[in-house]
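Structural features, examined
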Amino acid sequence: MATKDYVKRGRSPKKPARNTRKARNTRKAPPSGSFPLKWAFIALCLVSALAYGLYFLSTAPAPQPEIVQPKSAPKPQPKPKAKPQEKKLPPKPEEKWRYIEELKNKEVPVEAKKEQKPSRPYLMQCGAYRSQDQAEQRKAMIAFQGLTSQVKVSQGEKGNWYRVILGPYPQKRKAESDRNMLRRAGIEPCAIWFWE
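Reading the values: the criteria
Residues numbered from 1 in each chain as written. Predicted model: local features only at pLDDT ≥ 70, side-chain atom pairs only at ≥ 80, totals over all residues. Heavy atoms only, no water. Helix = DSSP H or I, 4+ residues; strand = E, 2+ residues; numbered from the N terminus. Disulfide = S-S within 2.5 Å. Buried < 20%, exposed > 50% of the residue type's maximum accessible area, 1.4 Å probe, protein only. Pairing = 2+ DSSP bridges.

Quick word on the environment of Ala 185
Structurally, Ala 185 can be placed in the loop between α6 (172–184) and β4 (191–194). Residues Ala 185 and Phe 144, 41 residues apart in the sequence, show an inter-C-alpha distance of 9.7 Å.

Rendered as structure tokens:
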């Protein structure tokens, strides 16, 4: 392919306008060279108002401060100096309320709640599947989190169910702790029930 020299070619000549009326309308009229009288008048008014304000402030008399004459008051008589040994504290005021003494000596009996131990241990179920392969996959995911689970087979109306369970847990708090750990790993939903 041959290279073209666009520099020597130059610009293409302008095509003449077909409709002269459209060409005339697109041209903008040159701005008029007249002086804006309206803006000049507004500026002149502002400058004259400023000059009058300055003249008024310079000719107005300055306000004189009022001189207040102090009333002649009798001179205070000097108090006799007390000896430092004679200073005594005033007596302690008697309190109006007696509740302060009552509150200091009052004892409030507090009974601690006894933990109710469950009659049965808890279990946590993390899935029920139709196929044993799915249950084994969930069991492996739980094992990667460091927890031991087992697959239990239960008979239902529609066939066998393979349930992945963890436990037994003596307290519900431990089961909830493990459920939160599995939830952070993305293994959910897990339900907590009494051991069967």
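Considerations on the state of the cysteines
Inspection of every chain in the model, using the stated rule, returns 1 disulfide. Across the disulfide from Cys 126 sits Cys 190; the S-S distance is 2.2 Å. Here the disulfide of Cys 126 and Cys 190 is right-handed, its torsion about the S-S bond being about 115°. With Cys 126 in strand β1 (residues 122–129) and Cys 190 in the loop between α6 and β4, this residue pair connects regions lying 64 residues apart in the sequence. Take Cys 126 and Cys 190: they sit in the same class, and that class is buried.

Section: the pairing of β1
In terms of burial, β1 is a largely internal element, 7 of the 8 residues being buried. The pairing of β1 with strand β3 (residues 159–169) spans 5 bridges and is classified as antiparallel. When the bridges of β3 are listed, Met 124 appears paired with Leu 166. Sheet analysis places β1 next to β4, joined by 4 bridges and oriented antiparallel. Looking across to β4, one finds that Met 124 is bridged to Ile 192.

None of this, on its own, says anything about what the molecule does.
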